[in-house]
Amino acid sequence: MEQSRKMFKLTNVLGVFLWLLLLSVLGIVLGKNAQNKPNIILMMADDLGSHDVSLRGSNQILTPNIDALGYQGVIFNRHYTAALCSPSRSALMTGKYSIHTGMQYYVIAADEARSVPLSEKLLPQYLKEAGYKTHMAGKWHLGMAKKAFTPTHRGFDSHVGYLVSQVDYFDFTFWLSFTGYERGFDFRYNESVYRDRVGEYLPDVLADEASKIIYNHDPSQGPLFLYYAQIAPHAGNDDDPLQAIPEDLMKVGHIKDPKRRTYAAMVKALDRSVGTVVKALKEKGMLENSIIVFFSDNGGPTEGFLSLQASNYPLRGQKDGPWEGSLRGMALAWSPLLRQRHRVSDHLTHITDWLPTFAQIAGVKFYRNSSLDGDNIWDTLSYNKPPNRREMVHNIDPITGYSSIYFNGWKYINGTTNNGEFDSWLGDMPFEDDPEAFRYPQIVMESDVWRALNPFARKRLQARDLEGLRKQTRIVCQKKISQAKDCNPLKAPCLFYIQNDPCEVNNLADLQRSRVKVMEERLRYFQKTSVPAINLPHDPAANPALNGGLMTWWLEKECSK
C-alpha cells in the first residue's frame, strides 16, 4: 500500500514536470515565432507640404534623411489621406473611412468631449493580440475628455507626447486666442504630467523619446510597434505659430521670406528627427527585421488660419479641402523584407490600407471580419503588384456640405470648404535653391538614414540612380483643354480624370454627363453606408484654468503635478 502511494506521488510529480516542460517548450516556440515577426515603425509628419520634400524635385528645402528612406525603399507617388488631422489619424487607426466612424467633419477640438468611438478597435489593439509591444511618441488628437479616450487605454503600452492638436514647441502649452481659455500644459508620459523637458525643442524631444523606446525594447518579449507622430512642421499656437531653432534657420538662410524660411527650418527639424530614429534602430540592431513607413497626415496649409506657407504645388488646394493638394502625398516604405526596392510606385494607396497590411504581416487573425475600408497592400509594397483598390471616398461631409470620391481614375467634387477661398493652385515658390543643391545626391548619401540602410540595399545605388528616381516623382500637370469649363464646386459638381490630370485643371463634368451620373450613383451608395457625424458642442469645463493649468481629461478631475 505504501509503495503504491509512493508510485502515485512519483507519477504526479513526473506528470507535473512533463507538463511544465511542455509549457516551457511551447513558450520558447511561441516566443521565437513572435520574435520572427517584423518590427513596425510608423512615422507620421504633421501638415507637411507635398512639394516640401526634396525627393519631389524642389531644391529649396533639402530633406536628405526622408529622401534616403524613399530611395532605399519604395516611394508611393499616389498615397491618399483624409484632409485634416483627426480624420486622417482615425482612418489610420481604424482602417475605415471617416464617414464610417462619424469623424467626417473637422478635427476634435481641445474642448470637445468626443473621441474615435470606443467601439472601434484600433491598430495597436490588433497588434497586441499578435504579441507586439506597442508604443507611441508624439501627437494623439483622437480624444482626451476621458482617460478611456487616450493612447494607453486604446492599445498602446506607453505614450509620451501630447493629446491635443498642437502645442508650443518650447513650453508644451496649448493656447488658441479665440477660445478665451488660459494656456494649458499638455505633455505626458502615459497619464503622468511630464515637465522634465520643458524648454527643449519639441521635434528633437520627440525624436529622442522615440529613440529611447527603441533602445529600451526587449526583443525577447515580442516585436515592436512604434507609432512616431511628429509635431513638425505643424504650426504652434496662434500667437507664435512658426518656431525654429537657430541651427536650423542657418541652414535655410537662402529663403528670403521670413515665414517660409522658418517653416523650412521646421521641415529640416523633421528630417533630422527621421534620421535620429532610424539611427537608433541601426544601433539597436533592429533594422534586419523591421518595416519603416513615413507619410504626412494631410497636405500643408499655405494660407489662412495657422498657415505655414507650406507648398503642395503644382497640386491644387491645401489642407482641409477636397483637392489633391489636401489629400495626395507621398508614402515611403523600407524593409529588407521587401522583394523589390529602389523604385517609384504609381499604384493607388490609401491611409486605411496600413491597418490591414500591418495586421496581415503580424499574423493577426480575424481582422478581415472588421468591415474595413482598407486593403492589405503587402503584395503591392513588396512585389509591385497592382492593388485591388479602384475606389476611394475622400469625404462626405454633411455639415460643411461637400463630397468627393474617386472611382476608376475619375474624381468627383461637389461643394468645398472655406467658401472656396483656398481652391486655387497655391504655394508656387520663387526660385531659391539651397546653395548645396548642386551636390544633392552626395548630401543624401551622407545622411544618417542612408548610412543605416545602404548595407541592406539590393543594388549599389549611384548618383544617377537617385536622380532617375527623383524625376519619376515629379507631378506633370495636364494642359488646359478649351472645351473644359472652370470648376466652381459651390455652383455645380466638377469631374476630373485625375489619372491624367493630377493638378485638377480640366473640369469635364459637362463633357462627361454619363460619367457624372455614375459617380453620383457611387456617392449615393456610400451615403447610405455612412454614419452621422459625432461632433459635440464646446465644453467650457475643459478650460485649463479649471483643471490645474492642464489640458486634461476634464470629465475626470485631475490635480496638477
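Residues numbered from 1 in each chain as written. Predicted model: local features only at pLDDT ≥ 70, side-chain atom pairs only at ≥ 80, totals over all residues. Heavy atoms only, no water.

K.L.:
I tried to follow the environment of Asp-510 on my own but got confused; where do I start?
P.N.:
By the element assignment, Asp-510 lies in the loop between β16 (494-496) and α14 (513-529). Sequence separation between Asp-510 and Pro-493 is 17 residues, and the spatial gap between their C-alpha atoms is 9.6 Å. (Helix = DSSP H or I, 4+ residues; strand = E, 2+ residues; numbered from the N terminus.)

K.L.:
Explain the environment of Glu-324 to me, please; I cannot follow it from the model alone.
P.N.:
Considering the arrangement of structural elements, one finds Glu-324 in helix α8 (residues 324-327). Residues within four places of Glu-324 in sequence aside, it is in contact with Tyr-80, Leu-315, Arg-316, Lys-411, Ile-498, Pro-502 and Glu-504. (Contact = heavy atoms within 4.5 Å.)

K.L.:
Would you take a moment to explain the state of the cysteines for this structure?
P.N.:
In a disulfide, the sulfur atoms of two cysteines are covalently bonded to one another. Using the criterion set out here, one finds two disulfides in the structure. Between the sulfur atoms of Cys-477 and its disulfide partner Cys-503 the distance amounts to 2.0 Å. Across the disulfide from Cys-477 to Cys-503, rotation about the S-S bond amounts to roughly -75°, and the bridge is consequently left-handed. In this pair, Cys-477 sits in the loop between α13 (463-473) and β16 while Cys-503 sits in the loop between β16 and α14, placing the two residues 26 residues apart along the sequence. Classification of Cys-503 as buried rests on a relative accessible area of 0%. Within the chain, bonded cysteines paired by disulfides and numbered along the sequence follow the pattern 1-4, 2-3. (Disulfide = S-S within 2.5 Å. Buried < 20%, exposed > 50% of the residue type's maximum accessible area, 1.4 Å probe, protein only.)

K.L.:
Sorry, what's going on with the nonpolar core here?
P.N.:
A general trend in soluble globular proteins is that nonpolar side chains are found buried together. By size, the foremost hydrophobic cluster in this structure holds 131 residues, and its most contacted members are Tyr-227 and Phe-294. A total of 12 residues in this core trace back to one element, the largest contributor, which is helix α7 (residues 258-284). Contact partners of Phe-294, with chain neighbours within four places excluded, come to Met-43, Ala-45, Leu-48, Ile-66, Leu-69, Leu-270, Val-274, Met-330, Ala-331 and Leu-332. (Core = buried A, V, L, I, M, F, W, Y, C linked by side-chain atoms within 4.5 Å.)

K.L.:
How do you make sense of the sheet that holds strand β1 (residues 39-45) when you look at a structure like this?
P.N.:
With mixed pairing, the 10 strands of this open sheet are ordered in space as β8-β7-β4-β3-β9-β1-β10-β11-β2-β12. Looking at the sheet topology across the chains shown, the edges are occupied by β8 (192-193) and β12 (343-350). Note that strand β3 (residues 133-139) and strand β4 (residues 158-162) share five bridges and pair parallel. The residue of β4 that forms the bridge with Lys-139 is Tyr-162. Of the strands in this sheet, β2 (74-80), β10 (290-296) and β11 (328-334) touch helix α2 (residues 64-72), which is tilted by about 65° from β11. Most of the contacts of helix α9 (residues 354-362) go to β10, to which it runs at about 175°, and overall it touches β1, β2, β10, β11 and β12. (Pairing = 2+ DSSP bridges. Axes fitted to C-alpha atoms, helices over the stretch in contact; angles between N-to-C directions.)

K.L.:
It is not clear to me how unusual backbone geometry should be interpreted in this structure. Could you clarify?
P.N.:
Generally, phi is negative for residues other than glycine and the peptide bonds are trans, each holding for most cases. The amide bond that connects Ala-232 to the next residue, Pro-233, takes the cis arrangement and shows omega of -5°. Topologically, Pro-233 is positioned in the loop between β9 (224-229) and α6 (246-251). Cis peptide bonds are those with omega within 30 degrees of zero, and the linkage from Tyr-313 to Pro-314 qualifies with 5°. Following the sequence through the fold, Pro-314 ends up in the loop between β10 and α8.

K.L.:
So what exactly am I meant to see when it comes to the packing of α2 against α7 here?
P.N.:
Angle between the axes and distance between the axes: these two values describe a pair of packed helices. Here α2 crosses α7 at 55°, and the two axes come no closer than 7 Å. With respect to α7, the axis of α2 lies oblique. When α2 is examined against α7, the residues Pro-64, Asn-65 and Ile-66 are found in contact with a partner set consisting of Leu-270, Asp-271, Arg-272, Val-274 and Gly-275. For the contact of α2 with α7, a count of residues per class yields four nonpolar, two polar and two charged. (Parallel < 35°, antiparallel > 145°, perpendicular 65-115°, else oblique. Nonpolar A, V, L, I, M, F, W, Y, C, P; charged D, E, K, R; others polar.)

K.L.:
Explain helix α3 (residues 85-94) to me, please; I cannot follow it from the model alone.
P.N.:
Most of α3 is tucked away, with 10 of its 10 residues classed as buried. Among all positions of α3, only Cys-85, Ser-86, Pro-87, Ser-88, Arg-89, Ser-90, Ala-91, Leu-92, Met-93 and Thr-94 are buried. Gly-95, located one to two residues past α3, shows a positive phi value of around 75°.

K.L.:
Where do I start with the pairing of strand β15 (residues 410-414) in this structure?
P.N.:
Regular strands show a simple pattern: their side chains alternate between the two faces of the sheet. For β15, a buried count of four out of five residues is recorded, marking the element as mostly surrounded by other parts of the structure. In the sheet, strand β14 (residues 402-407) pairs with β15 via five bridges, with the strands oriented antiparallel. Pairing of Ser-403 across the sheet is with Asn-414, part of β15. Taking the residues between adjacent antiparallel strands as the criterion, β14 and β15 are bridged by two residues, where Asn-408 takes a positive phi near 50°.

Shape descriptors only; they carry no functional weight alone.
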